[in-house]
Amino acid sequence: MRLLRGVFLPLLFWGCHHSSDTLPYPLTLSEEGMGSVHPGSSFDIALLRGKLPGFELELLSQVASAKNAPLIRLKREEKAIALLVSDPEGSVITEIIVLSPLIKNKEGIGVSDPLPDTDAIRCIRDECRYRDHPSITYRIQTDSRTVREISLQKL
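Residues numbered from 1 in each chain as written. Predicted model: local features only at pLDDT ≥ 70, side-chain atom pairs only at ≥ 80, totals over all residues. Heavy atoms only, no water.

Draft legend 1. The packing of aromatic side chains, seen in detail. Counted according to the given criterion, the structure contains two aromatic pairs. Seen in terms of ring centroids, Tyr 130 and Tyr 138 are 5.7 Å apart; in terms of plane orientation they differ by 70°. Their pairing is edge-to-face. (Phe/Tyr/Trp six-rings, centres within 6.5 Å; stacked < 30°, edge-to-face > 60°.)

Shown next, in the form of structure tokens:
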């Protein structure tokens with residue numbers, strides 16, 4: 001009996017461990033938004049916590065934003081996943097900035113992935129957009145075309 005307890009007890013705790021290498025559920029970035037969060041929706045942190053269970057949301061000051069607008073940092077186990085940027089009044093989400101390779105677009109491309117060199121994508125210096133969904137911007141390393149950051153804004 002003691003042997004069984006020695007085997008099953010560690011397995012129980014190992015199964016409960018959350019890894020920062022995974023998300024509690026998939027979040028896909030599209031021209032509409034990131035999962036259930038969309039530009040133009042409420043910037044209310046309590047409402048956003050309800051839409052994003054399993055994530056930590058941290059309200060940052062306006063000083064942290066170059067746009068002088070409040071930010072919410074979406075985190076998982078202390079690692080930044082994305083930033084939600086509000087309008088200056090702090091009422092609606094105006095931009096979603098993806099910082100983690102765990103969130104991919106419909107084509108399966110995310111941060112740290114190479115952006116394909118195709119006619120469907122138009123680049124100006126380090127800023128690229130797919131022609132058929134220009135509201136998503138990919139910041140890349142120009143020499144390797146590796147995605148550094150992805151942002152979504154309604155046009």
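Draft legend 2. Representation of the sheet that holds strand 3 (residues 71-76) in the model. The sheet built from eight strands is open, its strands ordered 2-3-4-5-10-9-8-7 with antiparallel pairing. A strand with exactly one partner marks an edge of an open sheet, and here the two such strands are strand 2 (56-60) and strand 7 (121-124). Each neighbouring strand pair of the sheet contributes to a mean axis angle of 25°, computed without reference to strand direction. Across four bridges, the pairing between strand 7 and strand 8 (residues 127-130) is antiparallel. Across the sheet, Ile 121 pairs through a bridge with Tyr 130, a residue of strand 8. (Pairing = 2+ DSSP bridges. Helix = DSSP H or I, 4+ residues; strand = E, 2+ residues; numbered from the N terminus. Axes fitted to C-alpha atoms, helices over the stretch in contact; angles between N-to-C directions.)

Draft legend 3. View of the pairing of strand 5 (residues 93-98). Within strand 5, five of the six residues are buried, which leaves the element mostly enclosed by the surrounding structure. Relative to strand 5, strand 4 (residues 79-86) runs antiparallel, the two being bridged by five bridges. Residue Ser 86 lies in a different strand from strand 5, and its bridge partner there is Ile 93. As paired elements, strand 5 and strand 10 (residues 146-153) share four bridges and run antiparallel to each other. Among the inter-strand pairings, Glu 95 is bridged to a residue of strand 10, identified as Gln 153. (Buried < 20%, exposed > 50% of the residue type's maximum accessible area, 1.4 Å probe, protein only.)

Draft legend 4. Main features of the state of the cysteines. For the structure shown, the criterion picks out one disulfide. Disulfide pairing places Cys 123 opposite Cys 128 at an S-S distance of 2.0 Å. Across the S-S bond of Cys 123 and Cys 128 the torsion is about 110°, and the bridge reads as right-handed. For Cys 123, a relative accessible area of 29% puts it in the partly exposed group. By relative accessible area, which is 0% here, Cys 128 ends up buried. (Disulfide = S-S within 2.5 Å.)

Draft legend 5. Summary view of the confidence of the model for the protein chain. In the predicted model, the protein chain carries a mean pLDDT of 86, and the fraction of residues at 70 or more is 83%. Within the protein chain, the lowest mean pLDDT, 45, falls on helix 1 (residues 2-16), and the highest, 97, falls on strand 10. (pLDDT = per-residue confidence, 0-100.)

Draft legend 6. Region of interest: the pattern of salt bridges. With the rule as written, the count across this model stands at nine salt bridges. In this structure, Lys 106 and Glu 31 form a salt bridge, with 2.9 Å as the shortest nitrogen-oxygen distance. Pair noted here: Lys 106 is in the loop between strand 6 (104-105) and strand 7 and Glu 31 is in the loop between strand 1 (28-29) and helix 2 (45-51), with a separation of 75 residues, a long-range link. Asp 113 is the salt-bridge partner of Lys 104, the closest N and O atoms lying 2.7 Å from each other. Taken together, the shared-partner salt bridges connect Asp 126, Glu 127, Arg 129, Arg 139 and Arg 148 into one network. (Salt bridge = Lys/Arg side-chain N within 4 Å of Asp/Glu carboxyl O.)

Draft legend 7. Looking closely at the nonpolar core. Core analysis: the largest hydrophobic core is formed by 31 residues, its most contacted members being Met 34, Leu 74, Leu 115 and Tyr 138. Elements that contribute at least two residues to this core include exactly strand 3, strand 4, strand 5, strand 8, strand 9 (133-141) and strand 10. Among all residues touching Tyr 138, those that are not within four sequence positions of it are Asn 105, Leu 115, Asp 126, Glu 127, Cys 128, Tyr 130, His 133, Val 147, Glu 149 and Ile 150. With six residues, the next largest nonpolar core counts Leu 60, Ala 69, Leu 71 and Ile 97 among its residues. (Core = buried A, V, L, I, M, F, W, Y, C linked by side-chain atoms within 4.5 Å. Contact = heavy atoms within 4.5 Å.)

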